[in-house]
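Listed here are the chains, written in short residue letters.
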Amino acid sequence: MERHIFALQISHLLGESFSREWVYAQIEIPKQETHGDLAFPCFSLAKHYRKNPKDIAEEISQSIKHDVFESVSATGGFVNVMLNKKFITSHTLNQLLSEPGEFGTHSFGKGKKVVLDLSAPNIAKPFSMGHLRSTVIGNAVANLAEKCGYEPVKINYIGDYGTQFGKLLAAYKRWGNPSLIKENPLHELKKIYVKFHQEAEKNPDLIEEGRQWFRKLEHQDEEAVELWTWFKDVSLIEFNKVYQLLGVSFDLTRGEAYYNDKMEATIELLKENNLLEHSEGAEVVRLDEEGLPPCLIRKSDGTTIYATRDLTAAIDRYQTYAFDESLYVVGHEQTLHFQQIVHVLKKLNFEWADRIQHISFGMMLKDGKKMSTRKGKTILLEEVLKEAIDKARENIEEKNPQLENKDETARQVGVGAVIFHDLKHDRRNDVEFSLDEMLTFEGHTAPYLQYSYVRAKSLLEKGGFTSSSAAAEIDDPEAWSLIKTIRAYPEKIKMAYETYDPSTIAKHLLDLARSFNQYYAKTNIVNSHNKNEKLTLVYAFSLVLKDGLQVLGIETPEKM
RNA sequence: GUCCCAGUAGCUCAGCUGGAUAGAGCAACAGCCUUCUAAGCUGUGGGUCGGGAGUUCGAAUCUCUCCUGGGACGCCA
């Protein structure tokens, strides 16, 4: 609001040479708080007016006047504005308290549907740290979509098919031990899968054995299907444990195998459009015009490949949901694959192909290198979560032994720490895996945020605050930074969705909590003369922080 | 070899639609619990923003080039 007013007044002064949009975009928030709350740089105006930027800033600042501005000054070519703290404060708090559920929401997604492809673990492979990224980023993006008015549909597209299962079946036939697998399915299956790849280096025949098993599977061989079903069932049980811990649910969980009998139709469609070509014994769609390598549709042994399945799934998905956006939350190593999928769909004249976006993210690295399941270098998410929860439990015993619900709180804190550690990094960047860092509960962490929330709740309880006693007028210079951070929250939600990057929210919540903790440190709240006003602010803070954590998929204990 | 991404404090990272003195967290050191949960707060030290060139009134931010690391590049997903 204040920014629009500022832009409007400036553009009014400048006349038609500079649009209001341009002025608005120029406005920035000064790094130094002492400079002001908003600033407009006049340097680019200097050439047009053939005047010193300082003089221009001076002139503009003379004419800026509005109730939301406390003072206007010109320093070094900038027009700096201090906001009317009282006005902005009551405006912000009234807005938040009148409809707490609406704060931070937007309506630009109203009536639109966004389908998200997330998590997508491979059965018979353990749920690794890599899948954590897709799961928590996808979940947070879905929450952001909802806050922006969209209807999100979360789809967990389980990797339950492909040559790798041929390998697994071959490995099982050689070294599998049914009773051990029943005891600890993912661990055992991972073991024989890793062993397969180790042995295959010495004995390349194994690879062919794996292919044969996959072919059997594709031809509905009874033994192959039976084993495959078994592996699938035990894997899903394990995955659900992880999802329950993480607090993530899906609107649809579907395996790739679902598309087995639908892929021929896709291949037919490609043929009808004269897109399919034979090449080196395989069938491909050429993408030379797009400057991309060909998209492989059918392998030389006649079996299908993931591109075929993804194309089929995409078509099916549009028919089912008629989505406005279709987001694939998948690691950036698959960038080329999704480019190919989109272009093949375009060649099929599906106008909705452009609504598909690959929301790529960086990999979890170990010592700067990719973690590979095949080499057994994966780190199991379940183990990490367990350690985090144990650590949280230790902290509780040490810091607050009287706490009720210790187990529940430890779970919320431990799991929150792991999720936040992932989400605070820019989506696109690789993340160096560090158990120590994940188990840190100080500084830029979820426990820090949760602790800040708990502190706020404790104040509200001690001060006997109820939402009906809220007072939106507060005159406290120390509170200004906190109020501004609360006020910025809705804009951050919008930005986070537009860039599909939850880290925007993660970082903002850290700012928010820091502002609160600084306020907490230097202000007496419960025993002050204007206790109710201050508690209103504390309450507002707690609402926003909790909302933000919810968006990230992190729970907030009331006490810890 | 080609294409894509990254290189900022000892470590992990923000900042990148160009703007005023480059910021946090961790680690180190020094303080603060007779004010509300110290999982907190305050302060100190720590930087050729990978190197070089260019565009600009102004570059960590844009362009080019080189170096380094990572990823992708048809029968894995």
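Right above here is the structure, for reference.
Residues numbered from 1 in each chain as written. Chains lettered and ligands numbered in written order. Predicted model: local features only at pLDDT ≥ 70, side-chain atom pairs only at ≥ 80, totals over all residues.

Caption draft 1: Main features of the sheet that holds strand 9 (residues 295-298). The 3 strands are arranged 7-8-9 in an open sheet whose pairing can be described as antiparallel. Both edges of this open sheet fall to strand 7 (276-279) and strand 9, since each of them pairs with a single strand only. Averaged over all neighbouring strand pairs, the angle between strand axes comes to 45 degrees, with direction disregarded. Pairing of strand 7 with strand 8 (residues 282-285), which is carried by 4 bridges, proceeds in the antiparallel orientation. (Pairing = 2+ DSSP bridges. Helix = DSSP H or I, 4+ residues; strand = E, 2+ residues; numbered from the N terminus. Axes fitted to C-alpha atoms, helices over the stretch in contact; angles between N-to-C directions.)

Caption draft 2: View of the pairing of strand 4 (residues 113-118). Among the 6 residues in strand 4, 5 count as buried, and that is most of the element. Sheet analysis places strand 4 next to strand 5 (residues 151-158), joined by 6 bridges and oriented parallel. Across the sheet, the residue bridging to Val115 is Val153, located in strand 5. Crossover handedness for the path strand 4 to helix 6 (residues 129-147) to strand 5: right-handed. One ladder, built from 4 bridges, connects strand 4 with strand 10 (residues 325-331); its direction is parallel. (Buried ≥ 20, exposed ≤ 12 C-beta atoms within 10 Å, placed from the backbone. Right-handed = clockwise from strand over helix to strand, strands pointing away.)

Caption draft 3: Structural detail: the environment of Ile305. Examined against the element boundaries, Ile305 turns out to sit in the loop between strand 9 and helix 13 (306-321). Accessibility expressed as a C-beta count within 10 Å gives 17 for Ile305, which makes it partly exposed. Along the chain, Ile305 and Thr163 lie 142 residues apart, while their C-alpha atoms are 8.5 Å from each other. Among residues more than four places away in sequence, those in contact with Ile305 are Leu296 and Lys299. (Contact = placed C-beta atoms within 7 Å.)

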